[in-house]
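# Results of the structural survey
One-letter residues, chain by chain:
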There are 2 protein chains.
Amino acid sequence: MAISNIRYGEGVTKEIGMDLQNLGARRVCLMTDKNLSKLPPVNAVLNSLAKYGINFQIYDNVRVEPTDQSFLDAIRFARKGEFDAYVAVGGGSVIDTCKAANLYAASPASEFLDYVNAPIGKGKPVTVPLKPLIAVPTTSGTGSETTGVAIFDFKELKVKTGIASRAIKPTLGIIDPLHTLSMPERIVANSGFDVLCHALESYTALPYNMRSPCPSNPINRPAYQGSNPVSDVWALHALRIVAKYLKRAIRNPEDREARANMHLASAFAGIGFGNAGVHLCHGMSYPISGLVKTYKPKDYNVDHSLVPHGLSVVLTSPAVFAFTAQIHPERHLEAAEILGADIRTARIKDAGFILADTLRKFLFDLNVDDGLAAIGYSKADIPALVKGTLPQERVTKLSPRPQTEEDLSALFEASMKLY
Amino acid sequence: MAISNIRYGEGVTKEIGMDLQNLGARRVCLMTDKNLSKLPPVNAVLNSLAKYGINFQIYDNVRVEPTDQSFLDAIRFARKGEFDAYVAVGGGSVIDTCKAANLYAASPASEFLDYVNAPIGKGKPVTVPLKPLIAVPTTSGTGSETTGVAIFDFKELKVKTGIASRAIKPTLGIIDPLHTLSMPERIVANSGFDVLCHALESYTALPYNMRSPCPSNPINRPAYQGSNPVSDVWALHALRIVAKYLKRAIRNPEDREARANMHLASAFAGIGFGNAGVHLCHGMSYPISGLVKTYKPKDYNVDHSLVPHGLSVVLTSPAVFAFTAQIHPERHLEAAEILGADIRTARIKDAGFILADTLRKFLFDLNVDDGLAAIGYSKADIPALVKGTLPQERVTKLSPRPQTEEDLSALFEASMKLY
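Residues numbered from 1 in each chain as written. Chains lettered and ligands numbered in written order. Predicted model: local features only at pLDDT ≥ 70, side-chain atom pairs only at ≥ 80, totals over all residues. Heavy atoms only, no water.

As annotated in an unreviewed UniProt entry, chain A is Hydroxyacid-oxoacid transhydrogenase, mitochondrial from Manacus vitellinus. Looking at the Sequence similarities (unreviewed entry) heading of the UniProt record, one finds this comment for chain A: "Belongs to the iron-containing alcohol dehydrogenase family. Hydroxyacid-oxoacid transhydrogenase subfamily." As its UniProt record puts it under Subcellular location (unreviewed entry), chain A is described as follows: "Mitochondrion". (UniProt positions renumbered as here; feature names shortened; annotations may be inferred.)

This is how it looks when you write it as structure tokens:
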């Protein structure tokens, strides 16, 4: 278990200038996106940098749901800037882009594919020392401030993939609930679904002692270790917070208690899945996002079609957990109970159906699009969706139940319509 | 929150040679104590060092319940050895001694008092870089493998104090439940009581946002931050494990499930209190240990009188929580419920008494000495016990309820007899 440092509290963002001073930073790269660059979270950071006289350059060209091209653009900026510290203010897209920029700036001779997950890239281990990165999340979903993962859309292959290494984990995550107060409703919902799936997938992932290959040298072990007694604590705790607070956080932007708790839950679930891993919902989500046609979600101010990550993950969750429950039915039943199911008379062999029904009801109540069909997919797309899932071995092999191409087809088909 | 890395699993100790190779270590200092040096945990480490060709020197002169003199002896060894990595195999005494040796070897010009907690020492912040330290706990109590604290007995002042800095936290804690199988009954019990009090004290400690002083620069904040939403997760989880497994772990050395869970609980509670802090049970325990007269506990193979740390902590716990419950009664009641109390008809104003009664029953069932009188103290010792508690401000000020000297007197008096 490698766990990032986090600092939590309303207003703690104002300390970031001191942190950078303490780190001895003289040239800081501040990454964000164009929408955020005018909003309070970035302002809070800028004020602190000014107060403590920190010299910095802003890169606000991060793409929401980044691509290889947008990563490369940020990498060029970072390589040119010769920065000695990074600050990422934003959702997962910003934090992931900043991780990649930090990595490739520290390794100027590397080709882009060198560190990208195999089999798409070469999956080389990171041996260069990176600069400190402070992440200030402004959504409550990704947990990216606590993980060693950076995800992007590989345009050429029309598939999402990423870079995964403990080395790119942020030095510090600043969990400031004030930043959640300006989040629009659908962003709260979709990022909350990401937390939900991080918790459910890491809790039901293949146990750490059943993973293979299991490299004998600890340094060669993957960031995603399988479910384990430490990640279980984080996953269950995050799931309990989601059950208690997600609906309230979506309903009412003024509900500070709910939004603060979801902001913490995002980091907690991140620590859990950042060590245990995720499995099928995430593995299948990458082609769902990558093959997007014309879907434009409400509340996202972007100029391109886009399936928000949390939505792409949650739409398959009822089908996925009905499929995986065979292996750890008691964990699936426990999750259903935490999410509100009455399991007093439940039969253990129905665990998967019970969790699936509980999730469907949860999503219906939250006004979520009715399955993959509602975001533009049809049966004809299933072969391409399956093809896009196959290279996601890094996560799909953490599913407690192995899956064939036919299984994946059936899971996509069962996710076309939910209600 | 700064959280150590831990690795958990039966037999993971055998990987330590590889870890040291990965760290590039060429001269390793292996610290342990004379009893342990012939036992399986040290053997497992020695075999791994041999297998991976790691060059090392053994220091097995660690004193159980260390003193300033025994720390200094280890420091001399470390300074002379010019080591580039440390391995500590043992209970809290060994791991704490190794932290101190690593610190002062890295800072050769320092006087011993420089880093000792104020007001006894100078409490200087640690700015020198330390060498990696891998801790392999062989008891299930201290959590020292996850904390930045090293405790010793200051002979001259007849009081326990310590060194507290994130900088001395081990690089990696190896939580190998195999090492718990040879622990004698009373060592399991007493170290388990330490876990119990870590969890109870950190869960009821003054909240992080009510602590004062609260230095504006994050680098100056103490290791002990007060209770907070992250440490709460660890404290409650550890408490649940104690409730479920401690009795079983004491009763039956072959109960691998119970002993493995207590080994994890020790690390979990360590992560909790290592960030939140402890308060009165620990503050009052230091003079209880420091002023020991002739008490020699069963199962401890030592040539000096000794009150085991876990015992010195737990004997005042009923009185302490009856005293502190005024402030967070609901947390005290929740703890009592986790420990088995039926609180369905409980009144919130009785929370302290209910938790105290629950603890008394728990200790009685486990055959614990009947209060301070049973380990050699009488009313006449109370002024000295109070005097020894006063310098423990670092922890006593984290008590949710402030306390006068009279309060401390009354707490010691109420702890003379428990049943």
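### A few points about the overall build of chain A
Tallying secondary structure elements over chain A gives 15 helices and 8 strands in all. Against the compact-globule benchmark of 22 Å for 419 residues, chain A has a radius of gyration of 20 Å, which places it among compact chains. Seen along its three principal axes, the alpha-carbon backbone of chain A occupies a region of about 60 × 45 × 40 Å. The proportion of buried residues among the 419 residues of chain A is 64%. Entry remark: accessible area of chain A is about 15500 Å², with carbon and sulfur atoms responsible for 53%. Side chains of chain A give 45 positive and 41 negative charges; the mean places of these two sets differ by 2 Å. (Helix = DSSP H or I, 4+ residues; strand = E, 2+ residues; numbered from the N terminus. Rg over C-alpha atoms; globule rule 2.2 N^0.38 Å. Buried < 20%, exposed > 50% of the residue type's maximum accessible area, 1.4 Å probe, protein only. Areas by Shrake-Rupley, 256 points an atom, 1.4 Å probe, with all protein chains shown as cover. Lys, Arg positive; Asp, Glu negative; His and termini not counted. Charge placed at Lys NZ, Arg CZ, Asp CG, Glu CD.)

### Details of the relation of the copies chain A and chain B
Turning chain A through 180 degrees and shifting it by 0.1 Å along the axis lays it on chain B, with an RMSD of 0.0 Å. The operation mapping one copy onto its partner corresponds to a two-fold rotation axis. Most of the interface of chain A is mirrored in chain B, where 96% of its interface residues are also at the interface. (Least-squares fit on C-alpha atoms with pLDDT ≥ 70 in both. Contact = heavy atoms within 4.5 Å.)

### Here we look at the interface of chain A and chain B
Tallying the contact residues gives 26 residues for chain A and 25 residues for chain B. Here chain A and chain B share an interface that buries about 2200 Å² over both sides, 62% of which is from carbon and sulfur atoms. Across the contact surface, chain A and chain B share 0 salt bridges. Counting residues per element, the ones that place at least two in the side of chain A that touches chain B are β1 (5-8), α1 (16-22), α6 (229-251) and α7 (256-276) of chain A. It is α6(A) that provides the largest number of residues to the side of chain A that touches chain B, a total of 5 residues. Tallied by class, residues from the side of chain A that touches chain B come to 15 nonpolar, 7 polar and 4 charged. (Buried area = accessible area lost by both parts, 1.4 Å probe. Salt bridge = Lys/Arg side-chain N within 4 Å of Asp/Glu carboxyl O. Nonpolar A, V, L, I, M, F, W, Y, C, P; charged D, E, K, R; others polar.)

### As for the sheet that holds strand β8 (residues 172-175) of chain B
Residues and elements named next belong to chain B. Read across the open sheet, the 6 strands follow the order β1-β8-β5-β4-β2-β3; overall the sheet is parallel. Both outer strands of the open sheet, β1 (5-8) and β3 (56-59), are each paired with one neighbouring strand and no more. Pairs of neighbouring strands in the sheet enclose a mean axial angle of 20 degrees, with direction left out of account. Looking at chain direction, β1 and β8 are connected through 4 bridges and run parallel. Bridging across to β8, Asn5 finds its partner in Leu172. Strands in contact with helix α4 (residues 92-106) are β2 (28-31), β4 (85-90) and β5 (133-137); relative to β4, the strand with the most contacts, it is inclined by about 165 degrees. (Pairing = 2+ DSSP bridges. Axes fitted to C-alpha atoms, helices over the stretch in contact; angles between N-to-C directions.)

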